[in-house]
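Inside the fold
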Amino acid sequence: MARQSTADPVTSIARRPGLWSVFTQGFCGLSPSVSFLTHSPRSIGMTTSEAAGPERIYQQALRAGVFQIQRCAACERHVFYPRVACPHCGAAALTWVRPSGAGTVYSSSVVRRKPEQGGDLNIALVDLAEGVRLMSRVEGVAPDAVRIGMAVRASIVSEQGQALLVFVPEGGRT
Ligand SMILES: [Zn+2]
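Just so we're clear, the structure is a prediction, and the values are computed from it rather than from any experiment.

Focus: the pairing of strand 8 (residues 162-169)
- Pairing of strand 7 (residues 151-159) with strand 8, which is carried by eight bridges, proceeds in the antiparallel orientation. Looking at strand 8, one finds that Val-157 is bridged to Leu-164.
- Hairpin connection between strand 7 and strand 8: a loop of two residues separates the two successive antiparallel strands, and Gln-160 in this loop has a positive phi of roughly 50°.

Overview of the environment of His-88
- By the element assignment, His-88 lies in the loop between strand 2 (78-79) and strand 3 (94-97).
- The class of His-88 is partly exposed, set by 13 C-beta atoms lying within 10 Å.
- The sequence separation of His-88 and Ala-74 amounts to 14 residues, and the corresponding C-alpha distance is 9.8 Å.
- What His-88 contacts, discounting residues up to four positions off in sequence, is Cys-72, Cys-75 and Arg-77.

Thoughts on the sheet that holds strand 5 (residues 121-128)
- Here we have five strands laid out as an open sheet, ordered 6-5-4-7-8, and antiparallel in their pairing. The outermost strands of the open sheet, each flanked by one partner alone, are strand 6 (133-136) and strand 8. For this sheet, the mean inter-axis angle between neighbouring strands, taken without regard to orientation, is 35°.

Quick word on the nonpolar core
- Val-105, Ile-123, Ala-124, Val-126, Leu-128, Met-135, Val-138, Val-146, Met-150, Val-152, Val-166 and Phe-167 form the largest nonpolar core, which has 12 residues in total.
- Those elements giving two or more residues to this core turn out to be strand 5 and strand 8.
- Here this core takes four residues from strand 5, the largest share from any one element.
- Setting aside chain neighbours within four positions, we find Phe-167 in contact with Gly-103, Ala-124, Val-126, Ser-136, Val-138, Val-152, Arg-153, Ala-154 and Ser-155.
- Among the nonpolar cores identified, the runner-up in size contains five residues, and Ile-69, Val-79, Cys-86 and Leu-94 belong to it.

Overview of the sheet that holds strand 2
- Within the open sheet, the three strands sit side by side as 2-1-3. Their pairing is antiparallel. The open sheet has two free edges, formed respectively by strand 2 and strand 3, since each of these has just one partner strand.
- Bridge analysis of strand 1 (residues 69-72) against strand 2 gives two bridges, and the strand direction is antiparallel. Of the residues in strand 2, the one forming a bridge with Gln-70 is Val-79.

Regarding unusual backbone geometry
- For the bond from Phe-80 to Tyr-81, the omega torsion is 5°, close enough to zero to count as cis.
- Relative to the helices and strands, Tyr-81 resides in the loop between strand 2 and strand 3.
- Of note, Glu-76 is a non-glycine position whose phi angle comes to about 65°, a positive value.
- You can call Glu-76 exposed: it has 10 C-beta atoms within 10 Å.
- The backbone of Gln-160 shows a phi angle near 50°, a positive value even though the residue is not glycine.
- Relative to the helices and strands, Gln-160 is located in the loop between strand 7 and strand 8.

The rules behind the values
Residues numbered from 1 in each chain as written. Predicted model: local features only at pLDDT ≥ 70, side-chain atom pairs only at ≥ 80, totals over all residues. Pairing = 2+ DSSP bridges. Helix = DSSP H or I, 4+ residues; strand = E, 2+ residues; numbered from the N terminus. Buried ≥ 20, exposed ≤ 12 C-beta atoms within 10 Å, placed from the backbone. Contact = placed C-beta atoms within 7 Å. Axes fitted to C-alpha atoms, helices over the stretch in contact; angles between N-to-C directions. Core = buried A, V, L, I, M, F, W, Y, C linked by C-beta atoms within 7 Å.

Dropping the structure here:
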């Protein structure tokens, strides 16, 4: 009956159906730098004002229909996920910029789900033209039809009241 690990109560509180749960689970094993996802301000009892930070700014913009990433004014490299300091050079000189939205699928996998849970889900690592890699999903095509090297474009969708960044095939349906 162990459908999901419940070893971390904080994570399980933060977990909800959909992409973000895949985000948190997927990234837990990849990088400690995304701990803000597994310990969202809400899940650890912080108030809204205390939660003001890069993640919140990112989410607010996404809800407003704007996809933005950070760029370091010191080393001029782009940064994602949202942070307070540049992971490349350490400078606290990150500014928000709007990426072109163009991306390339770096890897792709299919998460099998029951139809009542939303059906199979594509999970992809996408390299943005700006040089950052992010985990998302490719829509507008069958989950198992997503190919490495596929040109995709960022799109914002609303799901369960939450704005999510997804990708669609370049030139395909949006
Ligand atoms: Zn930097």
